[in-house]
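The primary structure of each chain is shown beneath.
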Amino acid sequence: MKITSLIAIVTSTFLIPKVGSSNPDEAEKPNILCIMVDDLGYGDLSHQGADDLQTPNIDGLFEEGMEFTNFYANCTVCSPTRASLISGRYPDMAGVPGVIRTHETNSWGYLREDMVTLPQMLNKAGYHTAIIGKWHLGLESPNIPNERGFDYFKGFLGDMMDDYWTHLRFGNNYMRENKKEIDPKGHATDLFTEWSVDYLKKAKQKESPFFLYLAYNAPHFPIQPPEEWLEKVKQREPDLSEKRAKNVAFVEHLDYGIGQVLNALEKTGLDENTLIIFTSDNGGSLPHGASNGPLRGGKQDMYEGGIKVPTVFTWENTIESGSQCENRGLTMDIFPTLCEVAGVEIKHEIDGVSLYPSLMGKDQNTNDRVVYFVRREGHRYGGLAYYAAIKGKYKLLQNTPYEPLQLFNIASDPYERWPLDEKNEVFGELKDSLSQHIRKAGAIPWQEE
């Protein structure tokens, strides 16, 4: 079987356990593989229309699963979106409105110590929980993976690598296996792939289901594809600029790694009962050769190109192959969705909503809620936050704390070219709603006390 047809993943007799069910015989819980890539451009998949790039393995997921055509990362940058994934909360409600970094003077988040995390919830349902790859939610205790619910961690604690071969950041080695510092050799994408394949082989020998959060650093800059991958792209696409060719090769190398992981699922037989999610933490970085297709803006922007991300859920014989859903989804919605799939009841406050009804082809409307986006940052942003809010077809946004809010109709103007008049009543409604979210989130500290 070709890798592109391996994808996902549950037998036709599989039944979903009821939420909160305590009866282990009621249904067999699925394994869960959540793949989050870093800074993937909305237009940087061949499935998304790229004609200079080939991503057969990721494309295969979209062919075999349900694509959410209106899926958004919770933020324009890394840490906040990752905080939303593991908490089900808006980033500022999780204590992470901005990027967590090495130096305290340029770090804009601290994951709430009282936050209930996704792996903790899945542990209750009998899952073995693991993260391989990029963590980016804390560099030391208590905010390291093994202390926030993950049974196993092998990967990178930090924000970005200064080099994909040395894996260092400001000269620091943030590579860990659980709490032990390690110094592996090789390209980070290859390492995360190899470690994931090894994990799946071991998972085959266990009776408990697994939740594997596979978080690649790629294609986040520095754009460093292996040389043979770059040469292959240059030969095939001789008219590309050096910058674009590097980004294409970087994404294609990533796609190959994902294909190896999917292949391991099939070889171990785990593909018969595994749910796969593929998404990105934010949009592509335009200065580094990414493409967000026709969308305006890119990473760091509240425009669609900064927060709208390719996302698919794949589940053989359960989710309709090649299907699409127009319901708006956010990264934080993955938390309650997986809890429902695992049959574990959520008894604490979250902001996300379960997309399970949509996945099952049932009636669901997630577009009538107001959803918020925030990023706090230093330097040219002055340590302040900037925001966006969406309800239905309307989107209110700013791209720095110093520019005025603009309102767009993203149904009739999906590329955000024509801002609406501030006198539009929706402008005031969204602005007031956003102000109440800001007030509520203001009670949540984002620095270590």
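Within any chain, residue numbers begin from 1 and follow the written order of that chain's sequence. Local features are withheld for residues below a pLDDT of 70 in this predicted model, meaning they are given only at 70 or higher, and side-chain atom pairs are given and counted only at 80 or more; totals for whole chains, interfaces and linings count all residues. Each side-chain value is derived from all of the structure's non-hydrogen atoms; neither hydrogens nor water enter the calculation.

### As for the sheet that holds strand 13 (residues 371–376)
Now for step 1: Sheet architecture is open: four strands sit in the order 13-14-15-16, paired in antiparallel fashion. Unpaired on one side and paired on the other, strand 13 and strand 16 (406–409) mark the two borders of the sheet. When the angles between neighbouring strand axes are averaged without regard to direction, this sheet yields 15°.
Now for step 2: Alignment of strand 14 (residues 385–391) against strand 15 (residues 394–397), held across four bridges, turns out to be antiparallel. Within strand 15, the residue paired with Ala 389 across the bridge is Leu 396. We treat two strands as partners when DSSP finds at least two bridges between them. Each helix corresponds to a stretch of at least 4 residues labelled H or I by DSSP, and each strand to a stretch of at least 2 residues labelled E; elements are numbered beginning at the N terminus. In this description, a line fitted to the C-alpha atoms serves as the axis of each element, helices being fitted only across the stretch in contact, and the angle between N-to-C directions of two axes falls anywhere from 0 to 180 degrees.

### Quick notes on the pairing of strand 10 (residues 274–280)
Now for step 1: Three labels apply to residues, based on accessible area from a 1.4 Å probe with only protein chains included: buried if under 20% of the type maximum, exposed if over 50%, partly exposed otherwise in between. The element strand 10 is largely enclosed, with a buried count of seven among its seven residues.
Now for step 2: Note: strand 1 (residues 31–37) against strand 10, seven bridges, orientation parallel. Bridge pairing in strand 10 places Val 37 opposite Ser 280.
Now for step 3: Bridging between strand 10 and strand 11 (residues 312–314) involves three bridges; their strand directions are antiparallel. The residue of strand 11 that forms the bridge with Ile 277 is Phe 313.

### Here we look at unusual backbone geometry
Now for step 1: Of note, the amide linkage connecting Ser 141 to Pro 142 takes the cis form, showing an omega dihedral of 10°.
Now for step 2: For Pro 142, the position within the fold is in the loop between strand 3 (128–134) and strand 4 (152–156).
Now for step 3: Of note, the bond from Ala 218 into Pro 219 is cis; its omega dihedral lies within 30 degrees of zero at 0°.
Now for step 4: Tracing the chain through its elements places Pro 219 in the loop between strand 9 (210–215) and helix 5 (227–236).
Now for step 5: Within the chain, Asn 178 stands out as a residue other than glycine whose phi angle is a positive 55°.

### Observations concerning the state of the cysteines
Defined simply, a disulfide is a covalent bond joining two cysteines at their sulfur atoms.
Now for step 1: Disulfides are defined in this document as cysteine sulfur pairs within 2.5 Å. Evaluation of the coordinates by the stated rule reveals zero disulfides.
Now for step 2: No disulfide involves Cys 78; its nearest neighbouring cysteine sulfur is the one of Cys 75, lying 8.9 Å away.

### Quick notes on a negative patch on the surface
Now for step 1: Residues Glu 104, Glu 113, Glu 140, Glu 448 and Glu 449 make up a contiguous surface patch of negative charge.
Now for step 2: With respect to the helices, strands and loops of the structure, Glu 104 is situated in the loop between helix 2 (78–87) and helix 3 (118–124). Put simply, a patch holds well-exposed residues, over 30% relative accessible area, that have no salt bridge, with like charges counted together within 9 Å and Val, Leu, Ile, Met, Phe, Trp or Tyr side chains within 5 Å. Shrake-Rupley sampling with a 1.4 Å probe provides the accessible areas, and residues are treated as covered by the protein chains on show and by no other component. When a carboxyl oxygen of Asp or Glu lies within 4 Å of a side-chain nitrogen of Lys or Arg, that pair is called a salt bridge. Residues counted as positive are Lys and Arg, residues counted as negative are Asp and Glu, and His and the chain ends are not counted. To locate a charge, take NZ of a lysine, CZ of an arginine, CG of an aspartate or CD of a glutamate.

### Digging into the pattern of salt bridges
Now for step 1: Throughout the structure, instances matching the rule amount to 22 salt bridges.
Now for step 2: In this structure, the salt-bridge partner of Glu 377 is Arg 101, at a minimum N-O distance of 2.7 Å. Note that Glu 377 is positioned in the loop between strand 13 and strand 14 and Arg 101 in the loop between helix 2 and helix 3, a separation of 276 residues in sequence. Accessibility classification places Glu 377 together with Arg 101 in one group, the buried group.
Now for step 3: The partner of Asp 114 in a salt bridge is Arg 112, with the nearest N and O atoms 3.0 Å apart.
Now for step 4: For Asp 114, a relative accessible area of 54% translates into the label exposed.
Now for step 5: A single network of salt bridges, built from pairs that share partners, joins Asp 38, Arg 82, Lys 134 and Asp 281.

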